[in-house]
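# Observations on the model geometry
If you want the building blocks of each chain, they are given just below.
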Amino acid sequence: MTVDKPSFHSSASDTHTAKPKEQKSWVPIVLIGIAIAYLALVQYIPAINVFIQAFSKGFGPFLSNLTRPAFLHAAWLTLLLAVISLPLNTIFGLCAAWAIARHKFPGRAVVLSIIDLPFSISPVVAGLMIVLLYGRNGWFGPWLQAHDIKIIFAFPGMVLATAFVSMPFVAREVIPVLEEFGKDQEEAARTLGAKDWQIFWRVTLPSIRWGLLYGLILTNARAMGEFGAVSVVSGNIADQTQSLPLFVEDAYKQYETEAAFSAAVLLALLAVVTLVLKEILERKTSIKDVE
Amino acid sequence: MTTVSPSLEVERKIPFWKKLGRVPWTWRITIGYLTVMLFIPIIAMFLKASTEPPARFWAIATSDIALATYNVTFVTAIFAALLNGVFGTLIAWVLVRYDFPLKRLIDATVDLPFALPTSVAGLTLATVYSDNGWIGSLLAPLGIKVAFTRTGVAVAMIFISLPFIVRTVQPVLQEMEHEIEEASWCLGASQWQTFWKVILPPLFPTILTGVALGFSRAVGEYGSTVIISSNTPYQDLIAPVLIFQRLEQYDYSGATVIGIVLLLISLVLLLAINFLQAWARRYDSR
């Protein structure tokens, strides 16, 4: 407890700070209790449950679940989805962040809201939009069929869906860092004769690296974990278009609860790693923002 | 100067519309990517919806089953967001103002629903809250069924929207000046009075912003809600699942119409959130 962060704690020693008339020492304890109880009911107990269920029959069955071909294929697809959508969204995010943070123009708030749109659009609606564009009866459907390209119920559609839902993270995290950093150093570099590219690699990138990394981690977590949008466009065919989150749901529906939880543990570990890295990077960038 | 670099000082003095002719490549990539990924899909959806005659559009959008799903989706989401509004604010308050063991850990794990894939969330919530689950078995003797009912949908929505409220309120609470509270205490106000009359009013727009963000996420949520719900029409079928079912039956216009309703509502919410944020910021300037 630091001095500049006073609280309702009533300790007899700090008489020099102002205190409410009716100081009640039990108030903080009750409030902390309620907060933790609520979090436990909603988050902690379910989270712990994932791990306990996965290992309920021991480590052997857990491992044998993880070596099933359907699981391995799903894990491989999930990895591929992240590997493809990550660079796409990074390039977009960096360009958008640079364009927005380095310019003051009318309608800037509108552009920021547009970039946030994929967050507020329901994943199912996102999937639906992709189906309406690339599906058999969609805009590009006839052309795609004529050229024998399959997007819906195939991997490319899953990539589109994944890239869509994880689109804003990099831009969102990098914009505030770029704004705070200012462009003095970039201009100094320019005056010294540096090219745009050199400025980006040597001046801008080092200064935004933690914010960028933070954005990348969130993009990755969302890309690997996306369910709704991918589920709409993939057709959910085992061994073909089933990513790990889809595998979890499918196994659960087939009453293979253990297989579902074994896969869920991996995704939960991904979440834990994400949270740990997020915490580390938050301290480095000192940004606390929603998503 | 043909190759325009975005950070040149001169550029700011030229009006935006005159620059359109020589757009920097960062803008081209941004606009290009947004066009392919966002604008064209949205336009495609609106055009698809516009092929329906207005009367038919209205009939699909307000059919009994659609209205029932809106009821389940929106009413449950509002309930979840408001409940989280109360408890999320409390959690933010506790995290900002008090010190207790494992506080850092609890602070970090508030973001768990952001990081945990939604199908995993749905799976574990359905298990924990099922009749023989850890929490569900305690509620079952009381006659409360959670999993595979509308209550279950509410639980999933509460899970998914909680961090939005906590993370929106927390920084604002952190920056709030403690002197005002102390002044209020010096003038003889009780803790309760201080909370209602001094702390809550400037915090209120922020809490509402958080609730709106949480609501918007809960309305669109699919992964966790579809697993914990039994997806029975008129009982716990949510709008995103109805879209999915329509698509599975190759009823594209049905899916599109309900999709448009959801999309319009998320656009309205986006506007509301921006407005609320502007409202919340007005307190800063004072």
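Residues numbered from 1 in each chain as written. Chains lettered and ligands numbered in written order. Predicted model: local features only at pLDDT ≥ 70, side-chain atom pairs only at ≥ 80, totals over all residues. Heavy atoms only, no water.

### Side note on the overall build of chain A
Each helix and strand counted, chain A has 13 helices and zero strands in total. Counting only residues that meet the buried cut, chain A has 54% of its 291 residues in that class. In chain A, the proportion of contacts linking residues at least 24 apart, taken out of those at least 6 apart, comes to 70%. In the structure as shown, chain A presents an accessible area of about 12,800 Å², 66% of it carried by carbon and sulfur atoms. (Helix = DSSP H or I, 4+ residues; strand = E, 2+ residues; numbered from the N terminus. Buried < 20%, exposed > 50% of the residue type's maximum accessible area, 1.4 Å probe, protein only. Contact = heavy atoms within 4.5 Å. Areas by Shrake-Rupley, 256 points an atom, 1.4 Å probe, with all protein chains shown as cover.)

### Quick notes on the confidence of the model for chain B
All names here are of chain B. For chain B, the mean per-residue pLDDT works out to 88, and 91% of the residues sit at or above 70. Looking over chain B, one finds the lowest element-wise mean pLDDT in helix α1 (residues 16–19), namely 60, and the highest in helix α7 (residues 118–128), namely 95. Interface confidence in the predicted complex, given as ipTM, is 0.87; pTM for the same model is 0.87. (pLDDT = per-residue confidence, 0-100.)

### Observations regarding the packing of aromatic side chains
To describe a pair of aromatic rings, one takes the distance between the centres and the angle between the planes. Using the criterion set out here, one finds 23 aromatic pairs over all chains in the structure. Relative to Phe247 of chain A, the ring of Phe71 of chain A has its centre 5.7 Å away and its plane inclined at 70 degrees; by these criteria the two rings are edge-to-face. Within this pair, whereas Phe71 of chain A is found in helix α3 (residues 69–101), its partner Phe247 of chain A is found in helix α12 (residues 244–253), the two being separated by 176 residues in sequence. In this structure Phe71 of chain A comes out as buried when scored by relative accessible area, which is 3%. Relative accessible area serves as the criterion here: at 4%, Phe247 of chain A is assigned to the buried category. A centroid spacing of 5.9 Å and a plane angle of 80 degrees characterise the contact between Phe195 of chain B and Trp196 of chain B, whose relative ring orientation is edge-to-face. A relative accessible area of 45% means that Trp196 of chain B is categorised as partly exposed. (Phe/Tyr/Trp six-rings, centres within 6.5 Å; stacked < 30°, edge-to-face > 60°.)

### A look at the UniProt feature "domain: ABC transmembrane type-1" (unreviewed entry) in chain A
In the numbering used here, UniProt assigns the feature "domain: ABC transmembrane type-1" (unreviewed entry) to residues 75–278 of chain A. Taken as a whole, residues 75–278 of chain A contains 78% helix and 0% strand, while its terminal C-alpha atoms sit 23 Å from one another. (UniProt positions renumbered as here; feature names shortened; annotations may be inferred.)

### Regarding the pattern of salt bridges
Residue and element names in this part refer to chain A. Applying the stated criterion across every chain yields a total of 18 salt bridges over all chains. With a closest N to O distance of 2.8 Å, Asp196 and Arg190 form a salt bridge. Of the residues examined, Asp196 reaches a relative accessible area of 33% and is grouped as partly exposed. (Salt bridge = Lys/Arg side-chain N within 4 Å of Asp/Glu carboxyl O.)

### Some points on the packing of α3 of chain A against helix α4 (residues 108–120) of chain A
All names here are of chain A. Interhelical geometry of α3 versus α4 gives an angle of 165 degrees and a closest axis separation of 11 Å. Judged by the inter-axis angle, α3 sits roughly antiparallel to α4. Every pair of crossing elements has a handedness; the one defined by α3 and α4 is left-handed. On α4, the residues touching Phe92, Ala96, Ile100 and Ala101 of α3 are Arg108, Val111, Leu112 and Ile115. Its residues assigned to classes, the contact of α3 with α4 shows seven nonpolar, no polar and one charged. (Axes fitted to C-alpha atoms, helices over the stretch in contact; angles between N-to-C directions. Parallel < 35°, antiparallel > 145°, perpendicular 65-115°, else oblique. Left-handed = near helix turned anticlockwise from the far one by under 90°. Nonpolar A, V, L, I, M, F, W, Y, C, P; charged D, E, K, R; others polar.)

### Side note on the UniProt feature "transmembrane region" (unreviewed entry) in chain B
Residues and elements named next belong to chain B. With numbering aligned to this structure, UniProt lists the feature "transmembrane region" (unreviewed entry) at residues 25–47, 68–94, 147–166 and 252–276. Across residues 25–47 one finds 100% helix and 0% strand; the C-alpha atoms that close the span lie 30 Å apart. Its end C-alpha atoms 25 Å apart, residues 147–166 is made of 85% helix and 0% strand.

### Digging into α12 of chain A
Turn by turn, an α-helix covers 3.6 residues, leaving residues three or four places apart pointing in a common direction. Counting buried positions along α12 of chain A yields eight of ten residues, so the element is predominantly enclosed. When α12 of chain A is considered as a whole, its buried residues turn out to be Leu244, Pro245, Leu246, Phe247, Val248, Glu249, Ala251 and Tyr252 of chain A. Looking at the buried side of α12 of chain A, the elements it contacts are α3, α10 (196–225), α11 (228–234) and α13 (257–285) of chain A together with α7 and α12 (223–228) of chain B. The first or second residue beyond α12 of chain A is Tyr255 of chain A, which carries a positive phi of 60 degrees.

### Quick look at the environment of Leu139 of chain B
All names here are of chain B. In this fold, Leu139 is placed in helix α8 (residues 136–139). Placed 94 residues apart in sequence, Leu139 and Met45 show a C-alpha to C-alpha distance of 43 Å. Those residues within four positions of Leu139 in sequence are excluded, and the remaining contacts are Tyr129, Ile144 and Val146.

### Comments concerning the packing of helix α2 (residues 25–50) of chain B against helix α14 (residues 252–281) of chain B
All names here are of chain B. Relative orientation of the contacting elements α2 and α14 amounts to 120 degrees, with a least axis distance of 9 Å. Between α2 and α14, the angle is such that the two are oblique. With respect to the hand of their crossing, α2 and α14 are arranged in left-handed fashion. Between α2 and α14, the contacting residues are Ile42, Met45, Phe46, Lys48 and Ala49 on the first element and Tyr252, Ser253, Thr256, Gly259, Ile260, Leu263 and Leu264 on the second. Here the contact of α2 with α14 is composed, by residue class, of eight nonpolar, three polar and one charged.

### What to know about the domain arrangement of chain B
All names here are of chain B. Taken domain by domain, chain B holds domain 1 (17–51) and domain 2 (63–284). The straight-line distance from the C-alpha centre of domain 1 to that of domain 2 is 32 Å. Taken together, the contact between domain 1 and domain 2 spans five residues of the former and seven residues of the latter. When domain 1 packs against domain 2, close to 530 Å² is buried across both sides, 94% of that on carbon and sulfur atoms. A per-residue breakdown of the area domain 1 buries against domain 2 is headed by Met45, Phe46 and Lys48, which together make up 79% of the total. (Domains from an automatic or database assignment. Buried area = accessible area lost by both parts, 1.4 Å probe.)

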